[in-house]
Amino acid sequence: MEYHKTHGLLHVKKLLGHENINSTMVYVNLEQAVFTSTNDEFHVATAKTVEEACKLVAVGFEYVTEIDGVKIFRKLNDTPYT
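Residues numbered from 1 in each chain as written. Predicted model: local features only at pLDDT ≥ 70, side-chain atom pairs only at ≥ 80, totals over all residues. Heavy atoms only, no water.

If you had to explain the overall build of the protein chain to someone new, which residues and values would you point to?
The helix and strand tally for the protein chain stands at four helices and three strands. Going residue by residue from the N terminus, the α and β elements of the protein chain occur as α-α-α-β-α-β-β. Taking all 82 residues of the protein chain together, 20% fall into the buried category. Long-range pairs, those at least 24 residues apart, make up 39% of the contacts in the protein chain between residues at least 6 apart in sequence. Accessible area for the protein chain stands at about 6200 Å²; split by element, carbon and sulfur atoms hold 56% of it. (Helix = DSSP H or I, 4+ residues; strand = E, 2+ residues; numbered from the N terminus. Buried < 20%, exposed > 50% of the residue type's maximum accessible area, 1.4 Å probe, protein only. Contact = heavy atoms within 4.5 Å. Areas by Shrake-Rupley, 256 points an atom, 1.4 Å probe, with all protein chains shown as cover.)

Residue-level account of the pairing of strand β2 (residues 62–67), with values.
Sheet topology places β2 next to strand β3 (residues 70–76); five bridges connect them, and they run antiparallel. Counted as the bridge partner of Ile67 is Val70 from β3. Linking β2 back to β3 in an antiparallel pair, the connection comprises two residues, with Asp68 at a positive phi of about 50°. (Pairing = 2+ DSSP bridges.)

I'd love a proper account of the sheet that holds strand β1 (residues 42–47), names of residues and values included.
Backbone hydrogen bonds are what pair the strands of a sheet, in a parallel or an antiparallel way. Spatially, β1-β3-β2 is the arrangement adopted by the three strands of the open sheet, whose pairing is antiparallel. Edge positions in the sheet fall to β1 and β2, since each has one partner strand and no second. This sheet shows a mean twist of 25° between the axes of neighbouring strands, independent of strand direction. Against the sheet, helix α4 (residues 50–58) touches β1 and β3, its axis set at about 155° to β1. (Axes fitted to C-alpha atoms, helices over the stretch in contact; angles between N-to-C directions.)

For the nonpolar core, give the residues involved together with the corresponding values.
Listed in full, the six residues of the largest apolar core are Ala45, Ala47, Ala53, Leu56, Phe61 and Phe73. Breaking this core down by element, the ones donating at least two residues are β1 and α4. (Core = buried A, V, L, I, M, F, W, Y, C linked by side-chain atoms within 4.5 Å.)

Go over the side chain of Thr24 with me, naming the residues and quoting the values.
Mapped onto the secondary structure, Thr24 falls in helix α3 (residues 21–34). For Thr24, a relative accessible area of 0% corresponds to the buried category. A polar contact of 2.8 Å, which involves the side chain of Thr24, links it to the side chain of His18. (Polar contact = N/O pair within 3.5 Å; in protein donor to acceptor, adjacent residues only side chain to side chain.)

Summarise the packing of aromatic side chains; cite the residues concerned and give the values.
For the structure shown, the criterion picks out one aromatic pair. The cationic tip of Arg74 hangs over the ring face of Phe42; the distance from NZ or CZ to the ring centre is 4.3 Å. (Phe/Tyr/Trp six-rings, centres within 6.5 Å; stacked < 30°, edge-to-face > 60°. Lys NZ or Arg CZ within 6 Å of the ring centre and 35° of its normal.)

The analysis is restricted to geometry; functional conclusions fall outside its scope.
Okay, structure coming up:
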């Protein structure tokens, strides 16, 4: 699940305590098998303050851009959000 959220292979390797990246690849392959959907739909949210932006990042949104002082974030639909 961590790889699905972050797509950080080295992050997951370190988190799981693997010495060999091939051990971590087992979980990457499992993630790819479980989440075979190619759904590219996003939830979109905006933030005007640092506090609002931090809350969005904390639940998995990623920063996209800023327009007229409003920061725009997105998150894939296949992950729950609040």
